Structures are given as C-alpha cells and as structure tokens.
Amino acid sequence: MFSHIWNIWRKELMDTIRDKKAFRQALLVPLLVGVVYAVMNPLLTTLVRSKAGGELAIPVQGAEHAPPELTAVLAQFDIRLVPFDADMAEVIAAGEEMAGLILPADFAQKIAAGEPASLELLVNPTSGGLFGGGISLDRLEVALEAFNREIVRARLVAREIDPALMNPVKLDTRDLSTPAQRAGLFASFMLPTLVGVVIVQGGLFIAIDVTAGEKERHTLEALLVTPTSDAEVFLGKLAAVFTMSTLPIVLTLMGYWAASNALPASMTQGAVLPLGAVLAAIAMTLPLALFVNVGRLVSGVRTKTFKDAQGASVPVNLGVVFTAMAAAFVPPSNAALFAVPIYGTSAVIGSLAVSGSAPLAQIALSVGGSLVGAAVGIAIALKLFNRERLLYSA
C-alpha cells in the first residue's frame, strides 16, 4: 500500500516540478509576499502613528472669536487654529479638507458671562482616504474636554466652591502594554490574513491539476487501470498536494520573519516575531493546510475541467480567508472555539503577532481541531473518491 502511495506522490510531484516556470513562481511569489507583508505592517503602523502625532492644524471660521484660554489649552495638545475664509461646508463636502471648526461671534462673550456656548465641527472622514486624513478628532475632543474642565474650575473658584467636589472619584489609568505589543497590534490582523491567503493559494494549482486537470487531459485513466486502490490514489495525490502547499507556508512565514528582523528598530518599535513564534505558526498552519487540501481534492474530483475546478474552489478560498479575518475582529470567547479549524488557528497566530507567544492549551486545541477536521474530511473523501466518480462525475 505505502509503495503505491509513494509512487503516486512522486509522480505528481515530478509532473509539477517539470513545469519549471510555474514551480519557480510557486517558490518566489510566497517569499515576496511574506517580505511585502513584513514591510507593510510597520509602514502602516508608522503612518497611523504619524497622523496621530505632530502638530494638528484645524481650519477655523471665526478664529478671531476664540478666547485666549481656548487657544492656550489647544496649544497644550499641539493644536493650532488656522483662519479659513472660504465656504468651509463646500470645501469639506468636496473632500478638500477633512474637518473644520466654526466659532460663533458671541462665543467668547458667552464664556465670559458664564452662559452655555457651542462650537460647530464640520467633518468628512472620507477625505484623504483610509490613512490620508490629517485631523485627529479624538485629540480635538480631549482638548475641548480639558478646556471645559478649566472653565468649570474657574467658575467654581469664583463662587468659592471647591472644584474637587465635581470629581469625587479620580481614575488613574496605567498602560501596561509594551511598545512591541502596540506596534504588533496591526500585525495581529495582517498575519492571520496572510496565512489564510497562502493556504488557499499554495496548493490550489496542484490540487486542481491532479483531479480536474488530469480528467481534462485524459491522463487519469492510465492511473486508474493500475493495481492501486481508490484510497491509495487519493492518499498519494493528497500527499503531493500537501507537500507543495507546505513550501509556500514555510517560505512566506520565514520571509516575513527575515524581513521584519532586517528592518530598523525605528520602524518596527520592537515588534519583531521571535523565531520560535514563527516556527510555532508554521507548525499550527500545516495541519490546517491538510484540512483545506482535503476539501480541495473533494471539490476538484467533482468537476471535469480545470476551469470548472477553479470556479468550484472560489467558495473554499473565500471561506478560509474570511474566517481568518473574522478571528482578528471577533476573538474566541471560550477555549472550545480554539478547536474550530481556521478560526482557532488564526486567533492563536494573532496572539503570536502581538506578544510573541501563546498559551500551550490554545495551540494544542487549534492543532487538534485541524487534525480532527482533516481526519473527518479524509474519511468523507474516501467515500467519494472512487473510479466511477473520478471518470464520469461533473
């Protein structure tokens, strides 16, 4: 039995390697993807951080009505009011500016008289694209809250009331996250998504080629007249597909690790995955790749042409990638969810990206879930993988 599986595995690998151009692409593209993702993560993080820091210049209509107290408080938060004479609503609606502030003429008088005063903030969050906006509205809100506290404090003191009475409970917050954890937060989304993309693309070509491709070329019949059993044919092809899918996984994650370690510390902020974390991610991803490849072979054997098989693989591809992305937005709420194939593995890889480690129980559950899923898939596939279906199903 094992000799037949070995021969089929070797035959499928040799057929794949003979296409030298496709084989080179299968090795080079995953490596480049890993490098690009590794560089993209700190670049986007730096871009977001640069938008949040630095001087914030806000276009203002009626800047002359701003009291000195407001200007002073805004300056503490590195916010500068820039006089604006054009039609602010029209400019912001057109996306030329992201936000603008309107101060009414009686703003300073109402503040001085102890009356309620209001500001109008016009915003267009689509201005400048996803990362192109130059206005940090959170910082502006914090600055205005500080200005409000200053005004309230001054009014209480004028009435000989202790300002501390307005704040009976003081909340002191300590941020215990490290710079590396904060810098790796974006990678916790990027890395699981990257793994999902590599899994669906890594063994796609060979999985289709050894099923629908051989049907279309009419080379499958020669294999089926040999003494090998249906199970041996399936396991041999699965071994070949799994072997070819492991190469992109290893190359992508190792490329990601090498490129992130080559970047200057000023870009990564210390958010560099240790080699042990990368090896753990590879070890967790391989059982998941086996699970996905079983589904690919089942999908491929039910089609007759290469083109049909490509269309049939789209739901599998989308399911894997979307589930990997979902783990970044909705982390597992209990330990059992880590055993869900794709979802649990992606969640653990996200934890590795942030802290460089993950609880062994979560790793064991994610690997176990993938292996159980692959075993169930193989059992189902062996029922479907028979000579009649291989030759005549559509």
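A few points on the structure. (Residues numbered from 1 in each chain as written. Predicted model: local features only at pLDDT ≥ 70, side-chain atom pairs only at ≥ 80, totals over all residues. Heavy atoms only, no water.)

1. Structural notes on the environment of Asn 293
Argument step 1. Looking at where Asn 293 falls in the secondary structure, it is placed in helix 13 (residues 275–301).
Argument step 2. It is 9.9 Å that separates the C-alpha atoms of Asn 293 and Val 316, two residues lying 23 residues apart in sequence.
Argument step 3. With near-sequence residues (within four places) excluded, Asn 293 lies in contact with Gly 203, Leu 238, Val 241, Phe 242 and Ser 245. (Helix = DSSP H or I, 4+ residues; strand = E, 2+ residues; numbered from the N terminus. Contact = heavy atoms within 4.5 Å.)

2. Observations regarding empty space enclosed by the protein
To locate leftover empty space, one rolls a probe as large as a water molecule over the atoms.
Argument step 1. With the rule as written, the count across this model stands at 2 cavities of 30 Å³ or more.
Argument step 2. Considered as a void within the structure, the largest cavity measures approximately 50 Å³ in volume.
Argument step 3. Ala 207, Ile 208, Thr 211, Arg 296, Ser 299, Gly 300, Ala 309 and Ser 313 are the residues that line the largest cavity.
Argument step 4. For the lining of the largest cavity, the secondary structure elements donating two or more residues are helix 9 (204–217), helix 13 and helix 14 (306–329).
Argument step 5. Each residue belonging to the lining of the largest cavity can be placed in one class, and the counts come to 3 nonpolar, 4 polar and 1 charged.
Argument step 6. In this model, the second largest cavity occupies a volume close to 30 Å³.
Argument step 7. If you trace the second largest cavity, you find it lined by Pro 192, Val 195, Gly 196, Ile 199, Leu 288, Val 320, Ala 324, Ser 346 and Ile 349.
Argument step 8. At the level of elements, helix 8 (187–202), helix 14 and helix 15 (343–355) are the ones that each hand at least two residues to the lining of the second largest cavity.
Argument step 9. With 4 residues, helix 8 is the largest single contributor of residues to the lining of the second largest cavity. (1 Å grid on protein atoms, 1.4 Å probe; cavity = no way out; pocket = protein on both sides within 12 Å on 5 of 7 lines; lining within 4 Å. Points joined across faces, edges and corners; volume = space filled by probe spheres on them. Nonpolar A, V, L, I, M, F, W, Y, C, P; charged D, E, K, R; others polar.)

3. Digging into unusual backbone geometry
Argument step 1. Phi at Asp 78 takes a positive value of approximately 60°, unusual for a residue other than glycine.
Argument step 2. Inspection of the secondary structure assignment puts Asp 78 in the loop between helix 3 (68–76) and strand 2 (79–83).
Argument step 3. For Glu 160, which is not a glycine, the phi torsion comes out positive at approximately 55°.

4. Concerning the pairing of strand 3 (residues 99–102)
Within a regular strand, the side chains alternate between the two sheet faces.
Argument step 1. Bridging between strand 1 (residues 56–61) and strand 3 involves 2 bridges; their strand directions are parallel. Residue Val 60 lies in a different strand from strand 3, and its bridge partner there is Leu 101.
Argument step 2. By the bridge criterion, 4 bridges tie strand 3 to strand 4 (residues 120–123) in an arrangement that is antiparallel. Opposite Leu 101, over in strand 4, you have Leu 121 as the bridge partner. (Pairing = 2+ DSSP bridges.)

5. Quick notes on the packing of helix 13 against helix 14
Argument step 1. Between helix 13 and helix 14, the least distance of the axes is 9 Å, while the angle of their chain directions is 160°. Between helix 13 and helix 14, the interaxial angle falls into the category roughly antiparallel. Seen along the crossing, helix 13 lies across helix 14 with a hand that is right-handed. When helix 13 is examined against helix 14, the residues Val 292, Arg 296 and Ser 299 are found in contact with a partner set consisting of Ala 312, Ser 313, Val 316, Asn 317 and Val 320.
Argument step 2. Looking at the contact of helix 13 with helix 14 residue by residue, the classes come out as 4 nonpolar, 3 polar and 1 charged. (Axes fitted to C-alpha atoms, helices over the stretch in contact; angles between N-to-C directions. Parallel < 35°, antiparallel > 145°, perpendicular 65-115°, else oblique. Left-handed = near helix turned anticlockwise from the far one by under 90°.)

6. Structural notes on the layout of surface pockets
Argument step 1. Roughly 410 Å³ of internal volume is contained in the largest pocket.
Argument step 2. Lining the largest pocket we find 17 residues, and of these Gln 25, Ala 26, Pro 30, Gln 201 and Gly 202 sit closest to its centre.
Argument step 3. Residue assignment for the lining of the largest pocket shows that the elements contributing at least two residues are helix 2 (20–52), helix 8, helix 9 and helix 11 (230–262).
Argument step 4. At 7 residues, the largest contribution of residues to the lining of the largest pocket is made by helix 2.
Argument step 5. Classifying every residue of the lining of the largest pocket by side-chain character gives 12 nonpolar, 5 polar and no charged.

7. Things to note about the pairing of strand 1
Argument step 1. Pairing between strand 1 and strand 2: 5 bridges, direction parallel. Bridge pairing in strand 2 places Leu 56 opposite Ile 79.
Argument step 2. The handedness of the strand 1 to strand 2 crossover, carried by helix 3, is right-handed. (Right-handed = clockwise from strand over helix to strand, strands pointing away.)

8. A few points about helix 15
Argument step 1. Between its first and last C-alpha atoms helix 15 spans 19 Å; for 13 residues at 1.5 Å apiece the expected length is 18 Å, and the two agree.
Argument step 2. Of all 13 residues making up helix 15, 10 are buried, and the element is well covered by its neighbours.
Argument step 3. The set of residues buried in helix 15 consists of Tyr 343, Gly 344, Thr 345, Ser 346, Ala 347, Val 348, Ile 349, Gly 350, Leu 352 and Ala 353.
Argument step 4. Downstream of helix 15 by a residue or two, Gly 356 has a phi angle that is positive, lying close to 80°. (Expected span 1.5 Å × (residues − 1). Buried < 20%, exposed > 50% of the residue type's maximum accessible area, 1.4 Å probe, protein only.)

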